[in-house]
Amino acid sequence: MMKTYLYPLLVVIAASSYGVVSTIIKLAMRSGFSVSEAVTSQFFFGFCIAVCIFIVTSRTKLSFNGIKILIFAGVFTGLTNILYGRSLNYLPASLAVVLLFQFTWIGMLISCITKRQFPSRIEMISLLILVIGTIPAAGLIDVDVSHIPFQGWLWGLAAALCYSLFLFVNGKATANMNTSNRLVLVSFFALMMSVVFQSPEVIWNGTLFSGGLWMYGLALGLFGMIIPVYLFTIAIPKVGLGMSSILGAIELPIAVMVSVILLSEHVTTLQIVGIVTILLGMSLPTMLNSNILFIKTKVKQHYSTK
C-alpha cells in the first residue's frame, strides 16, 4: 500500500516545486533582472548543484549510455522555461500559467498516442474536473483577453507542449545509469539551451554574483531543475505519463498559493473554489485506484482463508 502512494507523491512534490518557479522569477524581475537573466541563472546553478550531487553520491564514472534520450530531456527542459518566459512578455501571469497548464491534456494525448489506447474513464473524469477548475483558480473569470497578442498564446501553448514532451522523455529509462548521473547530463543540456537562447553573459560579466542574481538562480536551480528532474526520473516510469500529467496539476494551486504568500497577491473566493476543484480532480484517480486495489486484496485474502 505504501508503494501505491509513494510514486504519485513524488510526482506531486516534483510538480509543486515547479509551481514555485514563477513566483521566484517575479521576485527577480522586481529586483531589476530580466526573465532571460533569471532563466540563465537557473540552469547555471542547476547544473552546478547536479555536479555536486553526482560527486557526493556516485561511486562510478560519468556514463553516457542513452545519451540521445537525455539530450532531448535537457532540450525540452530548457525550452519549457525559455518559452514560458517569452509568454510572460505578452501575457498576464495568470493567463501564462493557464496556458502552461494545458500540459495536462497534452500529456494525456501523447500517452494515448504512444500506448495506442484511450485513457480510462477515471482519467477522463479527472481531466474534465481539472479543466473546469483551471479558469477560476487562475483568476481569469473577469479578465479581458481580447487584446492579448497572438504571440503570447503561441509561446504559452508551445511551453505546455515542451513540458509535456519533457515529462514523456523523462519517463524513459536509461540502461546502466543512476539518477544522479542522469541529472548531470539533463541539466547540462538544459544549460546549453540557455547559453544559446538566453543571456549567458551574466555568467562572466559579474551580474550573476555581484548583482545578487545568484540568490534567485540558486532557488530556481533547486526548485526548477534539481527537485523536479530528480523525482520525475524516479516516479514517472512507475506512475505513467497520463497519470503524471494529472498529478502535475498541483503546479497551478501551488503557484497561486506561493504568489499570495511571497508577492502578497490577492486571492478571491472563486480562486479558492477553483483550487479545491483542481485538488479533487488530481486526487480522484489515485484514491479510486487505491480503493480498487484494497478491495481486490481483501477478496484474495477472503478466498485464500477458505
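Refer to the structure above for everything that follows.
About the thresholds
- Residues numbered from 1 in each chain as written.
- Predicted model: local features only at pLDDT ≥ 70, side-chain atom pairs only at ≥ 80, totals over all residues.
- Heavy atoms only, no water.
- Phe/Tyr/Trp six-rings, centres within 6.5 Å; stacked < 30°, edge-to-face > 60°.
- Helix = DSSP H or I, 4+ residues; strand = E, 2+ residues; numbered from the N terminus.
- Buried < 20%, exposed > 50% of the residue type's maximum accessible area, 1.4 Å probe, protein only.
- Lys NZ or Arg CZ within 6 Å of the ring centre and 35° of its normal.
- Axes fitted to C-alpha atoms, helices over the stretch in contact; angles between N-to-C directions.
- Parallel < 35°, antiparallel > 145°, perpendicular 65-115°, else oblique.
- Left-handed = near helix turned anticlockwise from the far one by under 90°.
- Contact = heavy atoms within 4.5 Å.
- Nonpolar A, V, L, I, M, F, W, Y, C, P; charged D, E, K, R; others polar.

### Overview of the packing of aromatic side chains
Part 1: Using the criterion set out here, one finds twelve aromatic pairs in the structure.
Part 2: A centroid spacing of 6.1 Å and a plane angle of 70° characterise the contact between Phe45 and Phe209, whose relative ring orientation is edge-to-face. Linking Phe45 in helix α2 (residues 35–57) with Phe209 in helix α10 (residues 207–210), this pair joins segments that are 164 residues apart in sequence.
Part 3: Judged by its relative accessible area of 9%, Phe45 is buried.
Part 4: The structure contains a cluster of three or more aromatic residues connected by ring pairs, namely Tyr18, Phe103, Tyr163, Phe166 and Phe232.
Part 5: The lysine or arginine in question, Arg86, covers the ring of Trp155, its NZ or CZ lying 5.4 Å from the ring centre.

### Observations concerning the packing of helix α3 (residues 67–87) against helix α8 (residues 179–197)
Part 1: The geometry of α3 relative to α8 is characterised by a closest axis approach of 7 Å and an angle of 45° between their N-to-C directions. For the element pair α3 / α8, the angle class is oblique. For the pair α3 and α8, the sense of crossing is right-handed. Contacts from Ile67, Ile69, Leu70, Ile71, Ala73, Gly74, Val75, Thr77, Gly78, Leu79, Ile82 and Arg86 of α3 reach α8 at Arg182, Leu185, Val186, Phe189, Ala190, Met193, Ser194 and Phe197.
Part 2: Residues belonging to the contact of α3 with α8 are distributed by class as follows: 14 nonpolar, four polar and two charged.

Function cannot be inferred from these measures alone, as they are strictly geometric.
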